[in-house]
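Per-entry structural report
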Amino acid sequence: PSSRGARKTPAPVEAKVAPVADEQRIAQGWQELLERGLRHKAALLQSSEFKTTTEAGALLGIKEPAVRKRIREGRLFALRMPGGGEYRIPMWALDPAITGRVTEAVLSVLPDVDEWQVYHALSTPAGVLHGLRPFECLLTRRHLLSSQRAAREELVAHLQIPDGDALREVVMQVVRADLEASGEA
């Protein structure tokens, strides 16, 4: 049969609505994820693991404005409530071995890194630290559980370094590497 007289069937017209609907569905999905993340952050910051600036002041023996000043100066690590609200301070950040000089060192090395990335890097167990979370390597011994103290002593022996400034340097390297791997540093 000849194709001369055959009638060609027009190609089906694709609906232009589908890509717009897909884009809207994707945007809605991202919005839902963002909102869920903000709710999760707010819930975490309202847990007993975090203190308000007033509570932190009472624990540190200083007034609340002095707590906010230390946060602004980078001497006390804190996270903001979603929406730019009040600060919340992780309990571990109030440890005398961490607040002040150590916090300044951590934050000065990572000045443009998102506070949540810093929190994640400091509070996620690291294999190279024998499963300890970086902040656990920085706490004063009396604030560690016996299992954490034993793990830290094992780590120090394994690395053949003294507990203190040398361990703090190792922790800084681990935190930097974690942040670089996540693309934040």
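Scroll up for the structure.
For clarity, every value in this text was computed on a predicted model and none was experimentally measured.

Across its full length, the chain carries eight helices and three strands. Tracing the chain from N to C terminus, the helices and strands come up as α-β-α-α-β-β-α-α-α-α-α. Residues classed as buried in the chain amount to 34% of the 185 residues present. Partitioning the contacts of the chain with sequence separation of at least 6, the portion at a separation of at least 24 is 57%.

Moving on: the packing of helix H2 (residues 53-60) against helix H3 (residues 64-72). The geometry of H2 relative to H3 is characterised by a closest axis approach of 8 Å and an angle of 100 degrees between their N-to-C directions. Put simply, H2 runs roughly perpendicular to H3. Residues Thr53, Thr54, Ala56, Gly57 and Leu60 of H2 lie in contact with H3, whose contacting residues are Glu64, Val67, Arg68, Arg70 and Ile71. Taken together, the residues of the contact of H2 with H3 sort by class into four nonpolar, three polar and three charged.

Attention now moves to the packing of helix H5 (residues 115-123) against helix H8 (residues 165-181). Between H5 and H8, whose axes approach to 9 Å, the crossing angle comes to 125 degrees. Of the possible angle classes, the one that applies to H5 and H8 is oblique. In terms of crossing hand, the pair formed by H5 and H8 is right-handed. Mapping the contact onto sequence places Gln117, Val118, His120, Ala121 and Leu122 in H5 and Val175, Asp178 and Leu179 in H8. Its residues placed into classes, the contact of H5 with H8 shows five nonpolar, two polar and one charged.

For Thr103, the position within the fold is in helix H4 (residues 101-109). Residue Thr103 is classed as buried on the basis of its relative accessible area of 3%.

This paragraph deals with H2. Turning to H2, its buried residues are Thr53, Ala56 and Gly57. Around the axis of H2, the buried residues are gathered within 105 degrees of arc, so they sit on the same side. Seen from the open side of H2, the exposed residues pointing more than 90 degrees away from its buried face are Thr54, Ala58 and Leu59. Count one or two residues on from H2 and you reach Gly61, which has phi positive near 75 degrees.

Moving on, we get to the layout of surface pockets. Each pocket or cavity is described by its volume, and for the largest pocket that value is around 360 Å³. Lining the largest pocket we find 17 residues, and of these Pro90, Met91, Trp92, Phe135 and Leu139 sit closest to its centre. Mapped by element, the contributors of at least two residues to the lining of the largest pocket are H2 and H5. Counted by class, the lining of the largest pocket contains eleven nonpolar, three polar and three charged residues. Its volume calculated, the second largest pocket comes out at about 240 Å³. Secondary-structure elements contributing two or more residues to the lining of the second largest pocket are H3 and H5. In the lining of the second largest pocket, the residues fall into ten nonpolar, one polar and three charged.

Okay, the sheet that holds strand E3 (residues 87-90) next. On the basis of which strands lie adjacent, the open sheet formed by three strands has the order E1-E3-E2 and antiparallel pairing. Of all the strands in the sheet, just strand E1 (50-51) and strand E2 (79-80) have a single pairing partner and so form its edges. Direction of pairing for E1 relative to E3: antiparallel, over a ladder of two bridges. Directly across from Lys51, in E3, lies its bridge partner Ile89.

Residues Tyr87 and Ile89 point to one face of E3 and Arg88 and Pro90 to the other, with burial holding for every one of them. As paired strands, E2 and E3 are joined by two bridges and run antiparallel to one another. Each residue of the ladder has a partner; that of Leu79, found in E3, is Arg88. Between E2 and E3, which follow one another and run antiparallel, lie six residues, and Gly83 among them has a positive phi close to 90 degrees.

Definitions and cut-offs
- Numbering of residues starts from 1 in each chain and follows the order in which that chain's sequence is written.
- For this predicted model, a pLDDT threshold of at least 70 governs which residues receive local features, and a threshold of 80 or more governs which side-chain atom pairs are given and counted, while totals over whole chains, interfaces and linings are taken from all residues.
- Just so you know, side-chain values use all the structure's heavy atoms and leave hydrogens and water out.
- By definition, any uninterrupted DSSP run of H or I lasting at least four residues is a helix, any uninterrupted run of E lasting at least two residues is a strand, and each is numbered from the N terminus.
- Think of it in three bands: with a 1.4 Å probe and only protein chains considered, a residue is buried below 20% of the maximum accessible area for its type, exposed above 50%, and partly exposed in between.
- Any two residues whose heavy atoms approach within 4.5 Å at even a single point are treated as in contact.
- Only the stretch in contact is used when fitting a helix axis, every axis being a line fitted to C-alpha atoms; angles between N-to-C directions are given from 0 to 180 degrees.
- Angles below 35 degrees are treated as roughly parallel, those above 145 as roughly antiparallel, those between 65 and 115 as roughly perpendicular, and all remaining angles as oblique.
- Following the grouping adopted for this structure description, the nonpolar residues are Ala, Val, Leu, Ile, Met, Phe, Trp, Tyr, Cys and Pro, the charged ones are Asp, Glu, Lys and Arg, and the polar ones are all others, Gly among them.
- Note on convention: near helix rotated counterclockwise from far helix by under a right angle means a left-handed crossing. Clockwise means right-handed.
- For this quantity, the arc is that covered by the directions from the helix axis to the C-beta atoms.
- Buriedness of a pocket was judged along seven lines, with at least five required to meet protein on both sides within 12 Å; pockets are open sets of points on a 1 Å grid over the protein atoms alone, cavities are sets where a 1.4 Å probe fits but cannot get out, and lining residues have an atom within 4 Å of a point.
- Grid points are joined across faces, edges and corners, and a volume is the space filled by probe spheres set on the points.
- In this scheme, strands are said to pair when DSSP sees at least two bridges between them.

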